[in-house]
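Chain by chain, the residues run as shown.
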Amino acid sequence: MSKIYLKTDEEIELIRESCLLVSRTIAETGKYIKEGVSTIELDRIAEQFIRDNGAKPAFKGYRKENSVFDYTLCVSVNEQVVHGVPGSYVLKNGDVVSVDCGVLKNGFYGDSAYTFAVGEITQEVKQLLKVTKESLYKGIENAMAGKRVGDISSAVEDHVSKFGYGIVRELVGHGIGRNLHEAPEVPNYGKRGSGVRMEEGLVIAIEPMINLGKRDVKIEKDGWTVSAVDKKPSAHFEHTIAVKKGKAEILTTFEYIEQEVKLKKEAV
Ligand code: MG
Ligand code: MG
């Protein structure tokens, strides 16, 4: 995955279409996130929604070595960082759950993730979610033609480091387009002024994965789920963005999601 594919404006519009569907899918899933719901139920809701909208779930059928990921969403609860496998786990009050979703439509991928709170979470974990999301936008502010990928990485790192959180290093953001994962890699730590110089038309997914405790992670027995070794909660937020001469264009959006979160709070 070393070649960087710059996208034309027409291609970016197609990626935007996939990205908006991803965003709407996560919002639709978010409607059902509450105590008593299993993670496999969330997966079914998301898959149906994507298919009803004429697209394909991007993660379903994803291969790694000898195993195939057979789900639409990665649902990662509490100490699970990313790549959580949907299953019989039932959400409970105080959980945090990261929903990561990708779709393929018109030959192009979109990718986004959002971490939801189930009921009431502690102040400490609320701050983790807030800071992780902020770090994503700090990274995006540095995604600009002429700057380097390390400028994104260091912006994320500088922000979360102030809080003493652990930055997961084993997993990174990525280019995206006709492939779910393209060059360049976009780490969440690094030096300002280092790495690939960004050009207009570069489309990347930026996705800080931040642990409340230490940064160390391990892969669970299922072969997919990545968890914090110290079992403390982890947060993950992801946007797909297009690099421009000035400010980057964010192709995914949390607006639909946050509208749902607000409606749910009002309903309580
Ligand atoms: Mg993702
Ligand atoms: Mg991604």
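Structure's up top.
Rules used in this analysis
Residues numbered from 1 in each chain as written. Chains lettered and ligands numbered in written order. Predicted model: local features only at pLDDT ≥ 70, side-chain atom pairs only at ≥ 80, totals over all residues. Heavy atoms only, no water. Donors = N, O, S within 2.8 Å, 3.2 Å for Na, K, Ca; no water. Helix = DSSP H or I, 4+ residues; strand = E, 2+ residues; numbered from the N terminus. Buried < 20%, exposed > 50% of the residue type's maximum accessible area, 1.4 Å probe, protein only. Axes fitted to C-alpha atoms, helices over the stretch in contact; angles between N-to-C directions. Parallel < 35°, antiparallel > 145°, perpendicular 65-115°, else oblique. Left-handed = near helix turned anticlockwise from the far one by under 90°. Contact = heavy atoms within 4.5 Å. Nonpolar A, V, L, I, M, F, W, Y, C, P; charged D, E, K, R; others polar. Pairing = 2+ DSSP bridges. Phe/Tyr/Trp six-rings, centres within 6.5 Å; stacked < 30°, edge-to-face > 60°. Lys NZ or Arg CZ within 6 Å of the ring centre and 35° of its normal. Core = buried A, V, L, I, M, F, W, Y, C linked by side-chain atoms within 4.5 Å. Salt bridge = Lys/Arg side-chain N within 4 Å of Asp/Glu carboxyl O.

Visitor: Describe the coordination of the magnesium ion (ligand 1), and please don't skip the residues or the numbers.
Guide: Within the protein, Asp100 (OD), Asp100 (OD), Asp111 (OD) and Glu238 (OE) serve as the donor atoms for the magnesium ion (ligand 1), at 2.0 to 2.7 Å. Donor residues binding the magnesium ion (ligand 1) come from one chain and are separated in sequence as D-x10-D-x126-E. Separating the magnesium ion (ligand 1) from the magnesium ion (ligand 2) is a gap of 3.1 Å, which Asp111 spans by donating to each of them. Residue Asp111 is located in strand S7 (residues 108–117), and its partner Glu238 is located in the loop between strand S15 (234–236) and strand S16 (239–242); the two are separated by 127 residues in the primary sequence. The buried category is assigned to Asp111, whose relative accessible area is 2%.

Visitor: How would you explain the coordination of the magnesium ion (ligand 2) if you had to name every residue and give the values?
Guide: In this structure, Asp111 (OD), His174 (NE2), Glu207 (OE) and Glu238 (OE) serve as the protein donors to the magnesium ion (ligand 2), at separations of 2.1 to 2.3 Å. Spacing between the donor residues of the magnesium ion (ligand 2) along the chain follows D-x62-H-x32-E-x30-E. Residue classification places His174 among the buried residues on the basis of a relative accessible area of 3%.

Visitor: So, the packing of helix H3 (residues 123–141) against helix H4 (residues 149–161): which residues are in play, and what are the values?
Guide: Remark: H3 packs on H4, axes separated minimally by 8 Å, with the N-to-C direction vectors making an angle of 150°. The pairing of H3 with H4 is recorded here as roughly antiparallel in orientation. Judged by the sense of rotation from one axis to the other, the crossing of H3 with H4 is right-handed. Contact with H3, carried on its side by Val131, Glu134, Ser135, Lys138 and Gly139, involves Ile152, Ala155, Val156, His159 and Val160 of H4 and no other residues of that element. When the residues that make up the contact of H3 with H4 are grouped by side-chain class, the tally is 5 nonpolar, 3 polar and 2 charged.

Visitor: Please provide a residue-by-residue account of the sheet that holds strand S8 (residues 166–167), values included.
Guide: Within a sheet, each strand pairs with its neighbour through backbone hydrogen bonds, oriented either parallel or antiparallel. What the 3 strands build is an open sheet, ordered S8-S12-S15; its pairing is antiparallel. Among the strands making up the open sheet, the edge pair consists of S8 and S15. Sheet analysis places S8 next to strand S12 (residues 209–211), joined by 2 bridges and oriented antiparallel. Paired with Gly166 across the two strands is Asn211, which belongs to S12. Sheet contacts for H3: S12 and S15; angle to S15, the most-contacted strand, approximately 30°.

Visitor: Please provide a residue-by-residue account of the packing of aromatic side chains, values included.
Guide: With the rule as written, the count across this model stands at 8 aromatic pairs. Taking the centre distance of 5.3 Å and the plane angle of 70° together, the rings of Phe69 and Trp224 count as edge-to-face. Residue Phe69 is located in strand S3 (residues 67–69), and its partner Trp224 is located in the loop between strand S13 (217–219) and strand S14 (226–228); the two are separated by 155 residues in the primary sequence. Each member of the aromatic cluster is reached from another via a ring pair, and the members are Tyr114, Phe116, Tyr137, Phe237 and Phe254. Against the face of Trp224 rests Lys64, its NZ or CZ located 4.5 Å from the ring centre. The ring of Tyr189 has Arg169 lying over it, and the distance from NZ or CZ to the ring centre is 4.0 Å.

Visitor: So what's going on with the nonpolar core? Which residues, and what values?
Guide: Formed by 50 residues in total, the largest nonpolar core has its most connected members in Ile26, Ile33, Val97, Phe116, Ala143, Ile206 and Ile241. Secondary structure elements with two or more residues in this core: helix H1 (9–30), helix H2 (39–52), strand S4 (73–77), strand S6 (96–105), S7, H3, H4 and strand S11 (203–206). When residues of this core are assigned to their parent elements, the largest contribution, 6 residues, is made by H3. The contacts of Ile26, once residues within four sequence positions are left out, are Val99, Cys101, Ser112, Ala113, Tyr114, Phe116 and Ile257. Core analysis: the next-biggest nonpolar cluster, separate from the first, contains 15 residues, Ala58, Val203, Trp224 and Ala242 among them.

Visitor: Give me the pattern of salt bridges: which residues, what numbers.
Guide: On inspection of all chains with the given rule, the structure shows 15 salt bridges. For Glu47, the salt bridge is made with Lys60, and the minimal N-O distance between the two is 2.9 Å. In this pair, Glu47 sits in helix H2 while Lys60 sits in the loop between strand S1 (56–57) and strand S2 (62–64), placing the two residues 13 residues apart along the sequence. Glu258 serves as the salt-bridge partner of Lys133, at 2.4 Å between the closest nitrogen and oxygen. Residue Lys133 is found in helix H3, and its partner Glu258 is found in helix H5 (residues 255–267); the two are separated by 125 residues along the sequence. Classification of Glu258 as partly exposed rests on a relative accessible area of 31%. In this structure, a network of salt bridges that share partners links the residues Asp9, Glu13, Arg16, Lys244 and Glu249.

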